[in-house]
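# Examination of the molecular architecture
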Amino acid sequence: MSTGIYGRSEVKRARYAVAAVFAVHGSVTGSFATRVPWIQDHAGVSAGQLGLALAFPALGASLAMPLAGRVTHRFGARTALRALLALWTLALVLPSLAPNLLTLCLALFVYGATAGMSDVAMNALGVEIENRLDKSIMSGLHGMWSAGALIGSAAGTLAAHLGTDARTHHLLAAAVLTVTGLVACTWVLDLQPAEDEDPPPRFALPPRSAVLIGAVGFCAVFAEGASLDWSAVYLRDELATSAGLAAACTTGFTLTMALARLAGDRVVDRFGAVRTVRVSGVLATLGGLLVVVGGHPAVAMTGFALMGLGIAVVVPLCFAAAGRAGSNPSLAIAGVATITYTSGLVAPSAIGGVAQATSLVVSFGLVTVLACCLVVFARVLRAGDRNRPTITPSAAEVPGRQS
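As annotated in an unreviewed UniProt entry, the protein chain carries the name MFS transporter and is attributed to Streptomyces ardesiacus. What the UniProt record of the protein chain gives under Subcellular location (unreviewed entry) is the line "Cell membrane".

Okay, structure coming up:
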């Protein structure tokens, strides 16, 4: 069985290469998000139609994620990641070209499918590198994704401010990010399956371990999606703040998440995954309580910042636990990714629905309850605890060795 023999220096270099891949992936998301208003106007769709179209990335990702293991088994880790990442960066151009609702939905489906497959591949390679280095790196990798998203958002904001056509902006961004991704993939681990190893199934239900781990990730991503999309609205509508202060609240939440992820690996190595998530859940729950009962903008902003700090490392640890939990990491990682993508899709509309029926205060009461679940169910992530013995899968069982 060919697993790929690499020295520690090569694995360290591969770590930085995968970190660059995460940053590229995040930059695509940031570049797209800032130009959604332009895309809506260009396609001539209403707010309701835009909401429908924005469901298609999650649909495409959910359907395509299980294929990532098959692709990496067929072509090997490096070639597969290079191809999937390039497809994702190039897919950035498609939504801005769509002239109507139908083509926009199709473009966003492809956009989501390529996002999901490259997401699984890069996370699985990250887990493999983490196992070889025998120290936590997944939080830092997701921190690089957040940093990339901030960079992409900043560039998109500048392009929008200058009145640049989104087609031009996204074409240039796609070209730069594609080249950057291809160069970064040169140094990732080129792991191959054994010649007699059967390929993974094209589609399969995620294992039970992935469902439990994914449920923890669901709670964290729900809180993240709710805070990103509704924190500014909460401050404006419930606490009567200015638009600028409301926007600053969302920025603060994003920054605390990014900084916590970049610093999170040291904490995980020191205290383990389970204890880290329990403490993170306490912080997120405290943050939610401040948002719900604070009644003052400064208190609510502190609450949102604490929530960002608390949920930051949970999803990276979910991927790490999935990759180490059983005999088929590719299915587990794809399963966790699918559940978290679904949470990100459901959260904003669920918060809006509850708010319409009751109030935003009640909506964030629900978020607080889900944050509390992180404390209760943190033990599900014990497979990702580096103080525990690990199950080392065969090369063909990990998407990045054959995401």
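## Some thoughts on the overall build of the protein chain
For the protein chain, the count of helices and strands is 17 helices and 0 strands. Looking at the protein chain residue by residue over its 403 residues, the buried ones come to 53%. For the protein chain, the exposed area adds up to about 16100 Å²; of that, 66% sits on carbon and sulfur atoms.

## Some details on the packing of helix α9 (residues 138-161) against helix α12 (residues 243-271)
It is at 6 Å that the axes of α9 and α12 come closest, and there the two elements cross at 150 degrees. Overall, the two elements α9 and α12 adopt an arrangement that is roughly antiparallel. Between α9 and α12 the crossing geometry is left-handed. Here Met138, Ser139, Gly140, His142, Gly143, Met144, Ser146 and Leu150 of α9 come into contact with α12, specifically with Thr254, Leu255, Ala258, Ala260, Arg261, Leu262, Gly264 and Asp265. Of the residues that constitute the contact of α9 with α12, the class distribution is 7 nonpolar, 7 polar and 2 charged.

## Quick word on helix α15 (residues 314-324)
The element α15 is extensively covered by neighbouring structure, given that 11 of its 11 residues are classed as buried. Considered for burial, the residues of α15 that qualify are Val314, Val315, Pro316, Leu317, Cys318, Phe319, Ala320, Ala321, Ala322, Gly323 and Arg324.

## Looking at the packing of helix α1 (residues 8-33) against α9
At a closest axis distance of 6 Å, the pairing of α1 and α9 adopts a crossing angle of 40 degrees. Classified by the angle their axes make, α1 and α9 are oblique. Seen from above, α1 lies across α9 with right-handed handedness. Judged by residue contacts, Arg15, Val18, Ala19, Phe22, Ala23, His25, Gly26, Ser27, Thr29, Gly30 and Ser31 of α1 engage Leu141, His142, Met144, Trp145, Gly148, Ala149, Gly152 and Ser153 from α9. In terms of residue class, the contact of α1 with α9 is built from 8 nonpolar, 10 polar and 1 charged.

## Re the environment of Thr34
Summarising the element assignment, Thr34 is placed in the loop between α1 and α2 (36-43). A relative accessible area of 22% means that Thr34 is categorised as partly exposed. Here the alpha-carbon distance between Thr34 and Gly152, two residues 118 residues apart in the chain, equals 8.4 Å. Among the polar contacts listed, one links the side chain of Thr34 to the backbone oxygen of Gly30, at a separation of 3.4 Å. At 3.2 Å, the side chain of Thr34 forms a polar contact with the backbone oxygen of Ser31.

## A word on the confidence of the model for the protein chain
Interpretation of this model should avoid reading the predicted coordinates in detail wherever pLDDT is low. Per-chain confidence: the protein chain averages 85 in pLDDT, with 89% of residues scoring 70 or above. Here residues 388-403 is modelled with pLDDT under 50, and outside its nearest four sequence neighbours on either side it reaches 65 contacts, counting other chains as well.

## Description of the pattern of salt bridges
Applying the stated criterion across every chain, the model contains 3 salt bridges. For Asp237, the salt bridge identified is with Arg236, shortest N-O distance 2.8 Å. For Arg236, a relative accessible area of 46% puts it in the partly exposed group.

## Here we look at unusual backbone geometry
Residue Asp134 is not a glycine yet carries a positive backbone phi of 55 degrees. In this fold, Asp134 is placed in the loop between α8 (101-133) and α9. On the basis of relative accessible area, Asp134 is assigned to the exposed category, the value being 55%. The phi angle at Ala240 is positive, at roughly 55 degrees, despite the residue not being glycine. Considering the arrangement of structural elements, one finds Ala240 in the loop between α11 (208-239) and α12. Its relative accessible area of 68% is what places Ala240 among the exposed residues.

## Here's the deal with the environment of Ile151
As for its position among the elements, Ile151 is in helix α9. Judged by relative accessible area, which is 58%, Ile151 ranks as exposed. Here the alpha-carbon distance between Ile151 and Gly30, two residues 121 residues apart in the chain, equals 7.2 Å.

## Focus on a nonpolar patch on the surface
Judged by side-chain polarity, Leu150, Leu255, Leu259 and Leu262 come together as a nonpolar surface patch covering roughly 350 Å² of accessible area. Along the chain, Leu259 falls in helix α12. Judged by relative accessible area, which is 58%, Leu259 ranks as exposed.

## A closer look at the packing of aromatic side chains
Counted according to the given criterion, the structure contains 6 aromatic pairs. Considering the side-chain rings of Phe32 and Tyr111, the 4.8 Å spacing of their centres and the 40 degrees angle between planes classify their relative orientation as tilted. Of this pair, Phe32 sits in helix α1 while Tyr111 sits in helix α8, and the two are 79 residues apart along the sequence. In this structure Phe32 comes out as buried when scored by relative accessible area, which is 10%. Residue class for Tyr111 comes out buried when judged on its relative accessible area of 6%.

Calculation criteria
- Residues numbered from 1 in each chain as written.
- Predicted model: local features only at pLDDT ≥ 70, side-chain atom pairs only at ≥ 80, totals over all residues.
- Heavy atoms only, no water.
- UniProt positions renumbered as here; feature names shortened; annotations may be inferred.
- Helix = DSSP H or I, 4+ residues; strand = E, 2+ residues; numbered from the N terminus.
- Buried < 20%, exposed > 50% of the residue type's maximum accessible area, 1.4 Å probe, protein only.
- Areas by Shrake-Rupley, 256 points an atom, 1.4 Å probe, with all protein chains shown as cover.
- Axes fitted to C-alpha atoms, helices over the stretch in contact; angles between N-to-C directions.
- Parallel < 35°, antiparallel > 145°, perpendicular 65-115°, else oblique.
- Left-handed = near helix turned anticlockwise from the far one by under 90°.
- Contact = heavy atoms within 4.5 Å.
- Nonpolar A, V, L, I, M, F, W, Y, C, P; charged D, E, K, R; others polar.
- Polar contact = N/O pair within 3.5 Å; in protein donor to acceptor, adjacent residues only side chain to side chain.
- pLDDT = per-residue confidence, 0-100.
- Salt bridge = Lys/Arg side-chain N within 4 Å of Asp/Glu carboxyl O.
- Patch = residues over 30% accessible without salt bridge, like charges linked within 9 Å, V, L, I, M, F, W, Y side chains within 5 Å.
- Phe/Tyr/Trp six-rings, centres within 6.5 Å; stacked < 30°, edge-to-face > 60°.

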